[in-house]
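# Fold and geometry: a report
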Amino acid sequence: KQEVTQIPAALSVPEGENLVLNCSFTDSAIYNLQWFRQDPGKGLTSLLLIQSSQREQTSGRLNASLDKSSGRSTLYIAASQPGDSATYLCAVLVSGGYNKLIFGAGTRLAVHP
Amino acid sequence: DGGITQSPKYLFRKEGQNVTLSCEQNLNHDAMYWYRQDPGQGLRLIYYSQIVNDFQKGDIAEGYSVSREKKESFPLTVTSAQKNPTAFYLCASSIDRTYGYTFGSGTRLTVV
């Protein structure tokens, strides 16, 4: 059974720091991995989608890597800003009769001025 | 702009009452999904539908029902059989596995 774990559960950093959020999954048989951002009381916004054949994806100050064989992904945020404060969710897409997105519990990030 | 619209944003349910959450998308996606989110937990799949007039149970379907009569719409009914319905409900859609999922803004359901 696929399980997704995100470490740390919460993170508080001063503005300007570069930071790394970690995601691990137990079964390497995935189609892709998606990173989402969730603001309090809001829906999920897709940040980056990495296909199983890819190693990384970049969007602005965000870079996500994928090491499928070791079951790990990292989300790198450069030069963090207070506006980056949110919960970041990692999810893997697996096949089991249907395409199923399995989520980690998230990392709650606070960037303070 | 294309997207997913969930309504209402907030919903209150009395004991023994059925309530229906709306989810509409104009992305022309075939697949639609309902997830439940509880504090400190990852999202859990309630129901999914890959085509019109077809839907399947997810991991926590007990106490919920859905319909998929139109491609654009996938309403979720929370029945009185769901004993702990207070949660944040998210609807999502996808065109296929290559393109990832798009989510709506959610409905917060509270039992009063």
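As a starting point, this report considers the structure included with it. Please read these numbers as outputs of a predicted model, since none were measured by experiment. (Residues numbered from 1 in each chain as written. Chains lettered and ligands numbered in written order. Predicted model: local features only at pLDDT ≥ 70, side-chain atom pairs only at ≥ 80, totals over all residues. Heavy atoms only, no water.)

### A closer look at the overall build of chain A
Helix and strand counts for chain A stand at zero helices and 11 strands. Secondary structure elements in chain A, listed N-terminal to C-terminal, are β-β-β-β-β-β-β-β-β-β-β. Relative to a compact globule of 113 residues, whose C-alpha radius of gyration would be 13 Å, chain A shows 14 Å and is just as compact. Each principal axis of the C-alpha atoms in chain A carries an extent, and together these give about 45 × 30 × 20 Å. (Helix = DSSP H or I, 4+ residues; strand = E, 2+ residues; numbered from the N terminus. Rg over C-alpha atoms; globule rule 2.2 N^0.38 Å.)

### Let's talk about the overall build of chain B
Helix and strand content of chain B: zero helices and 11 strands. Listed N to C, the secondary structure of chain B is β-β-β-β-β-β-β-β-β-β-β in terms of helices and strands. At 13 Å, chain B has a C-alpha radius of gyration in line with the 13 Å of a compact globule built from 112 residues. Once the C-alpha set of chain B is aligned to its principal axes, its extents read approximately 40 × 25 × 25 Å. Here chain B holds 112 residues, and the buried ones make up 47% of them. Counting contacts in chain B only where the partners sit at least 6 residues apart, residues at least 24 apart contribute 52% of the total. When the accessible surface of chain B is totalled, it reaches about 5,500 Å², and 46% of it is carbon and sulfur. (Buried < 20%, exposed > 50% of the residue type's maximum accessible area, 1.4 Å probe, protein only. Contact = heavy atoms within 4.5 Å. Areas by Shrake-Rupley, 256 points an atom, 1.4 Å probe, with all protein chains shown as cover.)

### Section: the nonpolar core
Residue and element names in this part refer to chain A. Counting residues in each nonpolar core, the largest one holds 24 residues, and the members touching the most others are L33, W35, L75 and V92. Of all the secondary structure elements, the ones that give two or more residues to this core are β3 (19-25), β4 (32-38), β5 (44-51), β7 (62-67), β8 (72-77), β9 (86-95) and β11 (107-112). With sequence-adjacent residues up to four places away left out, V92 is seen in contact with Q2, V4, F25, I30, N32, L33, K100, L101 and I102. (Core = buried A, V, L, I, M, F, W, Y, C linked by side-chain atoms within 4.5 Å.)

### Some details on the sheet that holds β3 of chain A
All names here are of chain A. The sheet built from five strands is open, its strands ordered β1-β3-β8-β7-β6 with antiparallel pairing. Every interior strand has two partners, whereas the edge strands, β1 (4-7) and β6 (56-59), have only one. Shown here is a sheet whose adjacent strand axes are inclined to one another by a mean of 15°, direction ignored. In the sheet, β3 pairs with β8 via six bridges, with the strands oriented antiparallel. Note that in β8 the partner of N22 across the bridge is T74. (Pairing = 2+ DSSP bridges. Axes fitted to C-alpha atoms, helices over the stretch in contact; angles between N-to-C directions.)

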